[in-house]
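What the coordinates show
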Amino acid sequence: MRVLPVTPALACLFVLGAVTAWAPPASAQDDTASDAASTGARAHYNAGTKAFSDRRFVEAALNFEAAAAEKASPVALYTAALSWEQANVPERAADDYARSLAVPGLPADKTGLARERLSSLEGVLGVLTVVGAEGTRVQLDANSELPVPATLHAAAGVHTLTARAAGHPIERRPVVLERAKATKLDLATEPAPPPSGDAKKEPPPPPPPPPPPPPVADAGQGRRAVGFIAIGTGGAMLLSGIVLGSEAIGARDTYRGAPTQFAYDHASELQMWTNVAFIAGAVVAAGGVALVLWPSSKASAEPAAKTEGVSLVPLPGGLLLKGAF
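Overview of the structure. (Residues numbered from 1 in each chain as written. Predicted model: local features only at pLDDT ≥ 70, side-chain atom pairs only at ≥ 80, totals over all residues. Heavy atoms only, no water.)

1. Brief notes about the sheet that holds strand 5 (residues 157-164)
- Strand order in the open sheet formed by four strands is 3-2-5-6, and the pairing between neighbours is antiparallel. The sheet is open, and its two edges are formed by strand 3 (146-147) and strand 6 (171-177), each paired on a single side. (Pairing = 2+ DSSP bridges. Helix = DSSP H or I, 4+ residues; strand = E, 2+ residues; numbered from the N terminus.)

2. Things to note about the sheet that holds strand 7 (residues 182-186)
- Taken in spatial order, the three strands line up as 4-1-7 in an open sheet, and their pairing is mixed. Where the open sheet ends on each side, the last strands, each with one partner, are strand 4 (150-154) and strand 7. Neighbouring strand axes in the sheet, compared pairwise and without regard to direction, differ in orientation by 25° on average. (Axes fitted to C-alpha atoms, helices over the stretch in contact; angles between N-to-C directions.)

3. Structural notes on the nonpolar core
- Membership of the largest hydrophobic core comes to 28 residues, with the highest contact counts inside it found for Tyr45, Tyr78, Tyr97 and Leu121.
- Every element with two or more residues in this core is listed here: helix 3 (36-53), helix 4 (57-70), helix 5 (74-86), helix 6 (90-102) and helix 7 (108-122).
- Per-element accounting of this core gives the leading share, eight residues, to helix 5.
- Contacts of Leu121, omitting those with residues within four sequence positions, involve Glu85, Pro90, Ala93, Ala94 and Tyr97.
- Ranked by size, the runner-up nonpolar core spans 15 residues in total, among them Leu161, Val175, Leu185 and Leu187. (Core = buried A, V, L, I, M, F, W, Y, C linked by side-chain atoms within 4.5 Å. Buried < 20%, exposed > 50% of the residue type's maximum accessible area, 1.4 Å probe, protein only. Contact = heavy atoms within 4.5 Å.)

4. Let's talk about the packing of helix 3 against helix 4
- Packing of helix 3 against helix 4 brings their axes to within 8 Å, and their N-to-C directions diverge by 165°. Judged by the inter-axis angle, helix 3 sits roughly antiparallel to helix 4. Note on packing geometry: the crossing formed by helix 3 with helix 4 is left-handed. In this structure, helix 3 uses Ala37, Gly40, Ala41, His44, Tyr45, Ala47, Gly48, Thr49, Ala51 and Phe52 to contact helix 4, whose residues at the interface are Phe57, Glu59, Ala60, Asn63, Phe64, Ala66, Ala67 and Glu70. (Parallel < 35°, antiparallel > 145°, perpendicular 65-115°, else oblique. Left-handed = near helix turned anticlockwise from the far one by under 90°.)

5. Quick look at the packing of aromatic side chains
- Summed over all chains, the structure comprises three aromatic pairs.
- Relative to Phe64, the ring of Tyr45 lies with its centre 4.9 Å away and its plane at 50°, an arrangement referred to as tilted. Of the two residues, Tyr45 sits in helix 3 while Phe64 sits in helix 4, which places them 19 residues apart along the sequence. Phe64 shares its class with Tyr45; the two are buried.
- Plain terms: the ring middles of Tyr78 and Tyr97 are 6.0 Å apart, the flat faces sit at 65° to each other, and that makes the pair edge-to-face. Of this pair, Tyr78 sits in helix 5 while Tyr97 sits in helix 6, and the two are 19 residues apart along the sequence. (Phe/Tyr/Trp six-rings, centres within 6.5 Å; stacked < 30°, edge-to-face > 60°.)

6. Points about the pairing of strand 4
- The buried fraction of strand 4 is high, at four of five residues.
- Two strands pair when backbone bridges link them, and strand 1 (residues 126-131) and strand 4 are joined in this way by five bridges, in the antiparallel orientation. Within strand 4, the residue paired with Gly126 across the bridge is Ala154.

7. Digging into unusual backbone geometry
- Across the junction of Val148 and Pro149, the peptide omega takes the value -5°, indicating a cis bond.
- Positive phi values are uncommon outside glycine, yet Asp141 reaches one of about 55°.
- Within the secondary structure layout, Asp141 lies in the loop between strand 2 (137-140) and strand 3.
- According to the relative accessible area criterion, Asp141 is partly exposed, its value standing at 35%.

Rendered as structure tokens:
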């Protein structure tokens, strides 16, 4: 069956007809004149009718719902649903259509229209049926709070259901609604745990590479340091030999000019120490050079491009350091 949209003019006729259907007879009015609930319901309903005629549809819907809260009335809920539709709030219109059908007393013509409109709205909305302990009231998002069992409507997606019960803390549960599908929720059951993500977890990242080993101390560094010290010491000794040699030449000349035993002994002693200084300085310096130029273990592992060597060649006046690098 094709459901025609509810136009404002048609809705106004429905509301006016509902006013007539909801109004009790005069005798009933006289009997309930002192009934505060009936008086309050009538005031809210009249205010809703006035707001609807002024096209203040949200205000009209809230007044019609307040009238139904004061006194159970399927007509008040039906007119509230009409008002929500005109205010373009389809989820609350569907809620009130369902509530009007659940309360006995809705006229037959209004019952047929309510079912048609509810079926049309539930074709584009998600439906949530909530059951629970007596006295529990539930609210879907910011819509009306209703006692359980309740049928609630909302657009497809994730929503929050709030449940309040005397003596219990407020409970909130996420619910997922699908378009044109009904979901049933029993508050007595435990809420489902949150999804843990994809069942297939990504493999853990590979462990970081091990740190590089600490650099091995090169024994050649210490050897070179000793070699440089030896070169410096040998150079100092050679310099001392030069000084002693100069003094020995002077002592020799003195002895030749005035030959005495003391002058001879002095010149001989200076000559001896000169030779010792030259030989020792040359040996020490040569050893230092050898230590400096000696290939390290790393360098020895690689083929040498040239043949390296150090040698000492004796000369009549001293030693000659000879090497090929």
